[in-house]
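# Residue-level structure breakdown
For reference, the chains in residue letters:
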Amino acid sequence: MSLEKRDFDAVVVGSGPNGLAAAILLQQQGLSVLIVEGRDNIGGGLTSAELTLPGFTHDVCSAIHPLAVASPYFKTLPLADFGLEYLYPGLAAAHPFDNGTAAVLDHSIQKTAALLGADEQAYLKLIQPVVNNWPLIAADVLGPLTFPKHPLAMAGFGLKALTAATTLVEKFKTTAGRGLFAGMAAHSLQPLSNLDTSAAALVLLAAGHLQGWPIPKGGSVNIAKALGAYFISLGGTIQTGEYVKSLAQLPSAHAVLFDVTPRQLLQIAGHRFSSIYKWQLERYRYGMGVFKIDWALDGQIPFTAEECRQAGTLHLGNTFEEIAASELATSMGYHPERPFVLVAQQSLFDDTRAPQGKHTAWAYCHVPNDSTIDMTEQIESQVERFAPGFKDRILAKHVMNTAQMQAYNPNYIGGDINGGILDIGQLFTRPALRWSPYKTSAKGIYICSSSTPPGGGVHGMCGYNAAKRALKDVFKIQVSSL
């Protein structure tokens, strides 16, 4: 089919991992594609900077990337040829307890299970099927609601994934097993009593056993740099420093894909949408925000549990009950004294992140959306709780509340890093109830951000799926399934 001449075949607004993935897929099909990015550098949440002291490189937003290496689409891209190198901690994650012990996520599912003692068989029974079936279900788990290619495998996963974490955790009897599961489920940024909170736990645990939770050498920015360089090598064009507020700012194109959330999409293109589609976008709900700290340290974090000193990621929150209470309170607008805290220790495994003998650390806790409360003391006390002497090693710190997170990345509305709450009410209808969640009501306009399935995380699958839809609708190009 011949289309009339336009400035570009397609324009992608926003260069987060989803925008980059969408642009790459479109460019791979021989189209002419332009990426328009508001900041001076591409990447969205994939950014790194010296936030504290010279020589200390911190990840401004995302830090650890299990879904980047588990992504069916990113796996097909030659990103190593464009400078991307992943480093793998000895342990993907560790979860310390007040008694000085820790549960761990080891690459070996057998080792992880064995360390849970009485929960060994329960863990294997729950996670082994997800690990075994991941190659069959990955594209469906990380895609829109459709009839799955492997219905039995997907049904087995779905029955567990759509269960509330407070229910599925009853399969575990030990403090270690229950705590490990809680830390994983809490990545869903919602009360653990909500349906579908087990999905995050299952995917993250399986990812740890399949390929680990890696750290990009030199900083998360290098994922964006590799994606951008590959896109340019295909003939793509990138324009930075142009914050799009109106469709009139864009050159002519047959398709425009927006790596933005519903709030920005309404501001930019709302006048082109049907009344029912606008009504749905206006009612889109955002979830809890985050308060983030980066530290420059005089030495590594002195965790009591040895396992914690070998892990790239730490989940600090003690028992399942304590984490569940913290997440529930936060969802209700409170700021717990002992919040669930996620910590990353990139410099333990990447010596490019800090001067010799020094270290960096990255952490955040969940807070109510739009919160401006300073959670520095609560977060640092949680680290100190499991690593006595930590506060004495702090050389400098940099904090970001929800407003600062949103100012840095406009997709983090109210500090929500998932692009909208992923509860059961928005799991299948993000951003609106439509046959294809990526199509808007306006011809040629698509949304490809984390506000579409499968949601937050550096996996590029929102962008891939949106671009695949645009290729079929506008350019009559059918892309084979991953």
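The preceding data block contains the structure.
Residues numbered from 1 in each chain as written. Predicted model: local features only at pLDDT ≥ 70, side-chain atom pairs only at ≥ 80, totals over all residues. Heavy atoms only, no water.

### A short note on the nonpolar core
Core analysis: the biggest nonpolar cluster contains 105 residues, and Tyr-123 and Leu-257 have the highest contact counts within it. Looking at this core, the element that brings in the most residues is helix α4 (residues 120–141), giving 11 residues. Residue contacts for Tyr-123: discarding those within four places in its chain leaves Leu-105, Ile-109, Thr-112, Ala-113, Leu-116, Gln-128, Phe-172, Leu-180, Leu-205 and His-209. Ala-102, Trp-295, Cys-308 and Ala-311 belong to the second-largest nonpolar core, a separate cluster that totals 28 residues. (Core = buried A, V, L, I, M, F, W, Y, C linked by side-chain atoms within 4.5 Å. Buried < 20%, exposed > 50% of the residue type's maximum accessible area, 1.4 Å probe, protein only. Helix = DSSP H or I, 4+ residues; strand = E, 2+ residues; numbered from the N terminus. Contact = heavy atoms within 4.5 Å.)

### A word on the pairing of strand β6 (residues 91–96)
A large share of β6 lies buried, amounting to 6 of its 6 residues. In terms of strand pairing, β6 meets strand β12 (residues 311–316) through 3 bridges, oriented parallel. Directly across from Ala-93, in β12, lies its bridge partner Thr-313. Bridge count for β6 against strand β7 (residues 102–105) is 4 bridges, and the pairing is antiparallel. In the strand pairing of β7, Pro-96 is matched with Ala-102. (Pairing = 2+ DSSP bridges.)

### Focus on empty space enclosed by the protein
If you walk through the whole model with that rule in mind, you get 1 cavity of 30 Å³ or more. Each pocket or cavity is described by its volume, and for the largest cavity that value is around 30 Å³. If you go around the largest cavity, the residues you meet are Thr-57, His-58, Asp-59, Asp-294, Gln-346, Arg-353, Thr-360, Ala-361 and Trp-362. Sorting the residues of the lining of the largest cavity by element identifies β4 (58–59) and β14 (359–367) as the ones contributing at least two each. Counting residues per element, the lining of the largest cavity draws most heavily on β14, at 3 residues. Of the residues belonging to the lining of the largest cavity, the class tally is 2 nonpolar, 4 polar and 3 charged. (1 Å grid on protein atoms, 1.4 Å probe; cavity = no way out; pocket = protein on both sides within 12 Å on 5 of 7 lines; lining within 4 Å. Points joined across faces, edges and corners; volume = space filled by probe spheres on them. Nonpolar A, V, L, I, M, F, W, Y, C, P; charged D, E, K, R; others polar.)

### Some points on the pattern of salt bridges
Inspection of the entire model under this criterion finds 18 salt bridges. For the salt bridge of Arg-385 with Glu-322, the shortest nitrogen-to-oxygen distance reads 2.7 Å. You can see Arg-385 sitting in helix α13 (residues 376–386) and its partner Glu-322 sitting in helix α12 (residues 320–331), a full 63 residues away along the chain. Put simply, Lys-439 and Asp-473 hold a salt bridge, and the shortest N to O gap is 3.7 Å. Of this pair, Lys-439 sits in the loop between α15 (424–427) and β16 (445–447) while Asp-473 is found in helix α16 (residues 461–474), placing the two residues 34 residues apart along the sequence. The exposure class of Lys-439 is partly exposed, given its relative accessible area of 28%. Since its relative accessible area comes to 19%, Asp-473 is described here as buried. Bridged by salt links that share partners, the residues Asp-59, Asp-350 and Arg-353 form one connected network. (Salt bridge = Lys/Arg side-chain N within 4 Å of Asp/Glu carboxyl O.)

### A look at the sheet that holds strand β9 (residues 237–239)
The sheet built from 5 strands is open, its strands ordered β9-β2-β1-β10-β16 with parallel pairing. In this open sheet, the two edge strands, each paired with only one partner strand, are β9 and β16. Looking at each pair of strands side by side, their axes are set apart by 20 degrees on average, direction ignored. In terms of strand pairing, strand β1 (residues 8–13) meets strand β2 (residues 33–36) through 4 bridges, oriented parallel. Within β2, the position partnered with Ala-10 by the bridge is Val-33. Packing of helix α1 (residues 17–28) onto the sheet brings it into contact with β1, β2 and β10 (253–258), and relative to β2 it is tilted by some 165 degrees. (Axes fitted to C-alpha atoms, helices over the stretch in contact; angles between N-to-C directions.)

### Looking at the packing of α4 against helix α8 (residues 198–210)
Contact geometry of α4 with α8 gives a least axis separation of 9 Å together with a crossing angle of 90 degrees. Looking at the two axes, α4 sits roughly perpendicular to α8. On α8, the residues touching Tyr-123, Leu-126, Ile-127, Val-130, Val-131, Trp-134 and Val-141 of α4 are Leu-202, Val-203, Leu-205, Ala-206, His-209 and Leu-210. Here the residues of the contact of α4 with α8 are counted per class, giving 12 nonpolar, 1 polar and no charged. (Parallel < 35°, antiparallel > 145°, perpendicular 65-115°, else oblique.)

### Examining unusual backbone geometry
With omega at 0 degrees, the peptide bond leading from Arg-430 into Pro-431 counts as cis. Summarising the element assignment, Pro-431 is placed in the loop between α15 and β16. At the junction of Pro-453 and Pro-454, the peptide bond is cis and its omega measures out at 10 degrees in the coordinates. Its place among the elements puts Pro-454 in the loop between β16 and α16. Even without being a glycine, Asp-196 presents a positive backbone phi close to 80 degrees. Along the chain, the position of Asp-196 falls in the loop between α7 (175–185) and α8. Classification of Asp-196 as buried rests on a relative accessible area of 5%. Located in the positive-phi region is Asp-370, a residue other than glycine, with phi close to 70 degrees.

### So, the pairing of β2
Both faces of β2 are covered, namely the face carrying Val-33 and Ile-35 and the face carrying Leu-34 and Val-36. Handedness of the β-α-β unit built from β1, α1 and β2 comes out right-handed. Inspection of the sheet shows β2 paired to β9 by 3 bridges, in the parallel sense. When the sheet's bridge partners are listed, Leu-34 is paired in β9 with Thr-237. (Right-handed = clockwise from strand over helix to strand, strands pointing away.)

### Overview of the sheet that holds strand β15 (residues 394–400)
Strand order in this open sheet of 7 strands is β7-β6-β12-β13-β14-β11-β15, and the pairing throughout is mixed. Each edge of the sheet is formed by a strand with only one pairing partner; in this case those strands are β7 and β15. Looking at each pair of strands side by side, their axes are set apart by 20 degrees on average, direction ignored. Summarising the sheet, β12 and strand β13 (residues 341–344) pair through 4 bridges and their orientation is antiparallel.

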